[in-house]
Amino acid sequence: MGLEKLKTILKNEKTSKTLELRTPIIGASGTYGYNSEFENFIDLNCFGAISTKGITIEKRLGNDGDRIFEVQNGLINRIGLENVGIEAFIKEKLPVLKQKNIDFLLNIAGSTIEDYEKLAIIAQENDIKALEVNVSCPNVKQGCLEFGLNPNSLFELTRKIRKNYDGFLIVKLSPNTSDIKALATAVEQGGADCISAINTLRGLGIKIDYIGNKFLKKTVQGGLSGTCIKPVALYMVNQIRQAVKIPIIAMGGISKLNDLFEFILAGADAFQIGTANFIYPSICSNLAFELNEFMIKNNFKDFEHLKGAIINE
Amino acid sequence: MGLEKLKTILKNEKTSKTLELRTPIIGASGTYGYNSEFENFIDLNCFGAISTKGITIEKRLGNDGDRIFEVQNGLINRIGLENVGIEAFIKEKLPVLKQKNIDFLLNIAGSTIEDYEKLAIIAQENDIKALEVNVSCPNVKQGCLEFGLNPNSLFELTRKIRKNYDGFLIVKLSPNTSDIKALATAVEQGGADCISAINTLRGLGIKIDYIGNKFLKKTVQGGLSGTCIKPVALYMVNQIRQAVKIPIIAMGGISKLNDLFEFILAGADAFQIGTANFIYPSICSNLAFELNEFMIKNNFKDFEHLKGAIINE
Amino acid sequence: MKSKNYIGKIKSIKKINNDVYKLNISSDIEDCKCGQFISVLCPNKTLRRPFSICDFNKENKTLTILIKLKGEGTKYLSSLKENDEINFLAPLGNSFEFFENKNALLVGAGIGIAPMLFLKKEMNKKNINNYLISGFKTDEEIIKGSDENIVGGSVLDNIEELIKNKKIDIIYSCGPAIVLKKLSQLAKKLNIPCYVALERVMACSIGVCRGCIIKLIKNNEINNFSVCKDGPIFKGEEILWD
Amino acid sequence: MKSKNYIGKIKSIKKINNDVYKLNISSDIEDCKCGQFISVLCPNKTLRRPFSICDFNKENKTLTILIKLKGEGTKYLSSLKENDEINFLAPLGNSFEFFENKNALLVGAGIGIAPMLFLKKEMNKKNINNYLISGFKTDEEIIKGSDENIVGGSVLDNIEELIKNKKIDIIYSCGPAIVLKKLSQLAKKLNIPCYVALERVMACSIGVCRGCIIKLIKNNEINNFSVCKDGPIFKGEEILWD
Ligand SMILES: Cc1cc2nc3c(=O)[nH]c(=O)nc-3n(C[C@H](O)[C@H](O)[C@H](O)COP(=O)(O)OP(=O)(O)OC[C@H]3O[C@@H](n4cnc5c(N)ncnc54)[C@H](O)[C@@H]3O)c2cc1C
Ligand SMILES: Cc1cc2nc3c(=O)[nH]c(=O)nc-3n(C[C@H](O)[C@H](O)[C@H](O)COP(=O)(O)OP(=O)(O)OC[C@H]3O[C@@H](n4cnc5c(N)ncnc54)[C@H](O)[C@@H]3O)c2cc1C
Ligand SMILES: Cc1cc2nc3c(=O)[nH]c(=O)nc-3n(C[C@H](O)[C@H](O)[C@H](O)COP(=O)(O)O)c2cc1C
Ligand SMILES: Cc1cc2nc3c(=O)[nH]c(=O)nc-3n(C[C@H](O)[C@H](O)[C@H](O)COP(=O)(O)O)c2cc1C
Ligand code: FES
Ligand code: FES
């Protein structure tokens, strides 16, 4: 079964910059590794792209202590951006991506504006097609989310990255804000080609048991992901759709075909799948197949008429 | 079984203003009606208080269209502050509360600062013991949440209410912010005696079905409540605990005894139960009984040693 | 009767057609009225699910409800077995008014027949003339107990004639909103009272959350009423239809 | 063997003591190694649950796992019936190294016995001298298959003597972290290699999420390793214990 119908072109109408994806299904950053870790479970040719684990200038070991906390229909993580660093990525991971012909978004994070600029330059030098700028990671003490929650800094940051990078520039937004529209607008005006949203919600997981006259507790403060954040993600995506014209890669709790339709209605042009990969490691290819089948069966060319149909409030 | 152990005194250490509650379990605003609607299901003597449905100056009919949308482990509502108005409340509902000896927090909402001032004055005139100021309702077009998301306006608002009201002043915070600590601080400095949190998260519910060659859709944008928001609520309560000294009434997804302990660890002094009432209408009294039993069985005088034990980040 | 939270037991569960199940539930409930409903806990869903009372046996305190499969909640309920526990709030809502000397037409569209069956039984007991007409999409969907079943078409197709022929001077109905609306309009035209049983997505089902509101016009004033507590039965003429 | 997602079938499920169940699962899986584990979908939980492979029968492609009741996930799994489907990823992680001419001591504390039983069986096949000692809190908790069961006390109580008596020159162990830590320290003191099977809360179980990290010291450098992919078997001496 060919997946031609799923071919997706994300286009910044203003600059005509585009990103072509085989399918609109992308493995979300932090849940898909660096390159081909999932190849036992999925058909690498049938999904759109990987968003790499967030890459920083230096290698990072991430947080100490418990990193994962399960909640109802979701997950709190505090990985703390453990990653190999940009140098090792370019040397060890990039060749595999190229060799296996895997499309990818390079997800980057920094603690200073200079970090982001440097990463953008390296991406440019290495001819990396698409950059996903993570300004929304709640799990590091410095930087990252700081830039992501203030429209002015976000505008500046986007502009500076844009100056140094010619490829398809995606900025990933945080839902931990009172005004996502202002953030989206800042990103668009700063010159980004696309917005991805949402990153994790801030959450605190506490497990407490009274055993043998003592309270035993376990706590993990970090980012909340999974089905439980879907209503928030739909809200945020819909707000962004109302604020900007550039395309949106939507995520947050996607795990089934109907979720894709819901996000299309809210305004999504493509999708990322995060937490669901842990439960169903084949989900990215399965969703692509299911979507394709649905389109063929019901004679859909695309979903343009549905896109962002909800813009009531 | 006496519930003496559950007696809870919320105290503003600075002003020594207190609110005495028979138990720390309070029925949350909007889910408990105005007075004795729940009396068939619970023992009115065994729970701490009702927080009334949010009251405005004028009677409000609320939003048109669908108002309730079910999600996994949660609920989106867009009631839109339907209420009888302060006049009818004082005339018709207050006498019942008094006659039945039901403790309550008067939950108020306004579209202007003047609204809140007027409501505070009426509360003062009618000798209402406790006021819960809702600056966090996401379901009305004007006012309310606007005041709740900006520390400066929130400080001003709190100060003006404080000027007109001598009782126990509680301000209820929204989680739809990037900086709950700043909001909590503003409220404390404005002269509030207590913070309650959280109100609902902004969410969008979409149901879409493909039936007979057509997409049928249903959408409700409103406030998300229930178990699915508990990790966010724990995070917010914990942040507030780190920012201010005044007591916290915690809520967001509470439905069982262990939830109470989790919120105590995060920093709660008392609790409100919202969505869970819809599923288990006796839950407020049941939780009080369970907590009491636990304290007796395990010889607990109180939970002071646990309170806010998590202050790591 | 005050409404309370009951833990009942499934006395029997029977599939009565391709997607409707009949549940007999025994519990401590003492009484309930025609038109009232119960609100059932479904552990796999956040909210309870409301179902009309379709019959009530006072002697052995047994309620009957009919459940049509819709989504996950009704699917769960249909999987219950004899002797399983079932947690419900009851009795909820207002009830039908009876008029001794009127000829009543009862109209049940689809699963809307459930409260009509109870109503018919009570009217028969009280010797009130009544005629129950029900409508179903296909033969397979027929639920028995009516005086007349319309299959295919609409219950409304020849209803004006029927009203004249049977000298109907009051109507009671339950079913899809569009049917109730048209019936109410017809009743108004014919100047006879019409009571309809409404449905709304419910959260609390006891009148506190204001989630299930319907607007009524009474004395030229528009006001909110809750379907769960002020209803589910309303006078058709008072309803502000969308 | 590449790890894959299998839909297996419960061939048998047996309660083997008051809170441990033995599951035999047949599937298409061709092979797996000693020390590896599987990650099982529990529909009532967000995350899969990891379980050590306790036995594998290559002829009829049947895996055995032992499940000790802990919370909702294991409760669900214990409720499975013969012929029920079970969705798991397998085989996962690295495996034990074998050394033909050594005398191996196998130490299983509590449910940690599961991978040790598999290891013992393989060693027996390869004619490697081995002695499996297990520890349980009470008689009721004993899981059979060891050469020696310590009940009450700790598996570590007389272990130094045992090592000397049996001329042990390599140790393999699985159990609570504190046992593994002490055993590793003892092994270091006695200058014999010690392999331990670790546990961590896992999200992806295939090495991508970095949720299950352990820090190892190799060549004086501290680095992160994933328990799910680089492990679960590590050299005790390399582990940076908390
Ligand atoms: C007063 C009243 C009496 C009813 N009597 C009967 C009856 O006798 N027999 C019968 O089969 N059905 C009856 N219904 C409808 C029944 O409640 C719904 O079909 C059921 O709740 C669907 O649940 P679900 O999880 O299977 O479907 P879902 O997938 O949740 O929803 C399917 C549809 O059911 C409706 N629904 C969902 N949740 C609720 C809710 N909490 N309250 C009301 N409607 C909801 C929605 O319109 C939705 O589109 C009654 C409803 C009301 C309000
Ligand atoms: C590599 C490995 C092999 C294991 N082998 C076995 C075995 O052979 N037999 C056996 O009975 N148990 C084994 N366990 C432990 C088993 O995975 C947990 O007991 C089980 O996940 C608990 O699930 P629950 O829902 O019943 O309990 P929960 O209530 O969820 O948790 C109880 C405790 O189990 C642990 N746990 C929870 N989720 C996970 C997870 N996703 N990954 C790891 N640990 C978790 C936590 O420490 C928690 O405190 C193994 C664990 C690992 C990592
Ligand atoms: C374990 C884990 C690690 C993550 N790491 C990153 C990261 O490095 N960079 C990033 O932008 N997002 C990261 N995320 C966020 C996801 O990419 C995604 O935005 C979020 O999980 C919401 O989608 P989901 O609900 O489908 O998981 C991570 C999420 C998880 C669960
Ligand atoms: C149907 C509904 C109506 C609500 N109305 C109000 C309100 O009028 N005023 C208010 O301050 N909060 C209102 N809330 C918010 C709750 O009081 C509470 O803050 C929130 O639901 C989180 O708690 P929960 O998860 O226990 O429901 C409402 C919530 C629901 C579900
Ligand atoms: S469902 Fe709450 S008022 Fe009717
Ligand atoms: S569980 Fe994801 S890396 Fe181990």
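Nothing here was measured: the structure is a model prediction, and the numbers come from that model.

Draft legend 1. Representation of the site of ligand 3 in the model. Residue and element names in this part refer to chain A. Close to ligand 3 lie 23 residues, the nearest being Ser-29, Lys-172, Gly-226, Gly-253 and Thr-275. Isolated, ligand 3 exposes 610 Å² of accessible area, and the fraction of that covered by the protein chains is 98%. Of the residues that constitute the shell around ligand 3, the class distribution is 6 nonpolar, 15 polar and 2 charged.

Draft legend 2. Structural detail: the interface of chain B and chain A. Each partner contributes to the interface: chain B provides 44 residues, whereas chain A provides 44 residues. Note on chain B versus chain A: buried area summed over both sides is about 4,100 Å², and carbon and sulfur give 63% of it. In this structure, the connection of chain B to chain A is made through 0 salt bridges. Across the contact surface, chain B and chain A share 9 residue pairs in polar contact (both at pLDDT 80 or more). Put simply, the parts of the chain that give the side of chain B that touches chain A at least two residues each are β11 (201-211), β12 (214-225), α6 (230-243) and α7 (257-266) of chain B. The leading source of residues in the side of chain B that touches chain A is β11 of chain B, at 8 residues.

Draft legend 3. Geometry of the sheet that holds strand β6 (residues 62-68) of chain C. Residues and elements named next belong to chain C. Spatial strand order, β4-β3-β7-β1-β2-β6-β5: 7 strands in an open sheet with antiparallel pairing. Of all the strands in the sheet, just β4 (49-52) and β5 (55-57) have a single pairing partner and so form its edges. The mean angle between the axes of side-by-side strands here comes to 35°, regardless of whether they run parallel or antiparallel. Relative to strand β7 (residues 85-92), strand β3 (residues 37-40) is paired through 3 bridges, and the arrangement is antiparallel.

Draft legend 4. Local environment of the relation of the copies chain B and chain A. When chain B is fitted onto chain A, the two copies agree to an RMSD of 0.0 Å after a turn of 180° and an axial shift of 0.0 Å. Here the symmetry operator amounts to a two-fold rotation axis. The C-alpha atom lying nearest the rotation axis in chain B is that of Thr-177 of chain B; the distance is 2.4 Å.

Draft legend 5. Main features of the packing of helix α2 (residues 113-125) of chain B against helix α4 (residues 151-164) of chain B. Residues and elements named next belong to chain B. The interhelical angle for the contact between α2 and α4, taken along N-to-C directions, is 25°, at an axis separation of 8 Å. Considering their axes alone, α2 and α4 lie roughly parallel with respect to each other. The crossing of α2 and α4 is right-handed. In this structure, α2 uses Ile-113, Tyr-116, Glu-117, Ala-120, Ile-121 and Gln-124 to contact α4, whose residues at the interface are Leu-157, Lys-160, Ile-161 and Asn-164.

Draft legend 6. Focus on the pattern of salt bridges. All names here are of chain A. Under the defined criterion, the tally for this structure stands at 57 salt bridges over all chains. Residue Asp-103 pairs with Arg-22 through a salt bridge whose shortest N-O separation is 3.4 Å. Separated by 81 residues along the polypeptide, Asp-103 in the loop between α1 (85-99) and β7 (104-108) and Arg-22 in the loop between β2 (18-21) and β3 (25-27) bring together distant segments of the chain. By relative accessible area, which is 16% here, Asp-103 ends up buried. By relative accessible area, which is 25% here, Arg-22 ends up partly exposed.

Draft legend 7. Spatial organisation of α7 of chain B. Counting buried positions along α7 of chain B gives 9 out of 10 residues, so the element sits mostly inside the fold. Positive backbone phi, at 135°, marks Gly-267 of chain B, one or two positions downstream of α7 of chain B.

Draft legend 8. The arrangement of the interface of chain B and chain C in detail. Across the contact, 28 residues belong to chain B and 25 residues belong to chain C. Interface area, chain B with chain C, both sides summed: about 2,200 Å², of which 58% is carbon and sulfur. The three residues of chain B that bury the most area against chain C are Phe-41, Glu-70 and Phe-278 of chain B, which together make up 26% of that side's buried surface. Across the chain B-chain C interface, the total number found is 3 salt bridges. A salt bridge links Glu-70 of chain B to Arg-49 of chain C; the nearest nitrogen and oxygen atoms lie 2.7 Å apart. Viewed at the interface, chain C and chain B are joined by 14 residue pairs in polar contact (both at pLDDT 80 or more). Broken down by element, the side of chain B that touches chain C gets its largest block of residues, 3 residues, from strand β5 (residues 68-71) of chain B. Split into classes, the residues belonging to the side of chain B that touches chain C amount to 12 nonpolar, 9 polar and 7 charged.

Thresholds applied
- Residues numbered from 1 in each chain as written.
- Chains lettered and ligands numbered in written order.
- Predicted model: local features only at pLDDT ≥ 70, side-chain atom pairs only at ≥ 80, totals over all residues.
- Heavy atoms only, no water.
- Near = heavy atom within 4 Å.
- Areas by Shrake-Rupley, 256 points an atom, 1.4 Å probe, with all protein chains shown as cover.
- Nonpolar A, V, L, I, M, F, W, Y, C, P; charged D, E, K, R; others polar.
- Contact = heavy atoms within 4.5 Å.
- Buried area = accessible area lost by both parts, 1.4 Å probe.
- Salt bridge = Lys/Arg side-chain N within 4 Å of Asp/Glu carboxyl O.
- Polar contact = N/O pair within 3.5 Å; in protein donor to acceptor, adjacent residues only side chain to side chain.
- Helix = DSSP H or I, 4+ residues; strand = E, 2+ residues; numbered from the N terminus.
- Pairing = 2+ DSSP bridges.
- Axes fitted to C-alpha atoms, helices over the stretch in contact; angles between N-to-C directions.
- Least-squares fit on C-alpha atoms with pLDDT ≥ 70 in both.
- Parallel < 35°, antiparallel > 145°, perpendicular 65-115°, else oblique.
- Left-handed = near helix turned anticlockwise from the far one by under 90°.
- Buried < 20%, exposed > 50% of the residue type's maximum accessible area, 1.4 Å probe, protein only.

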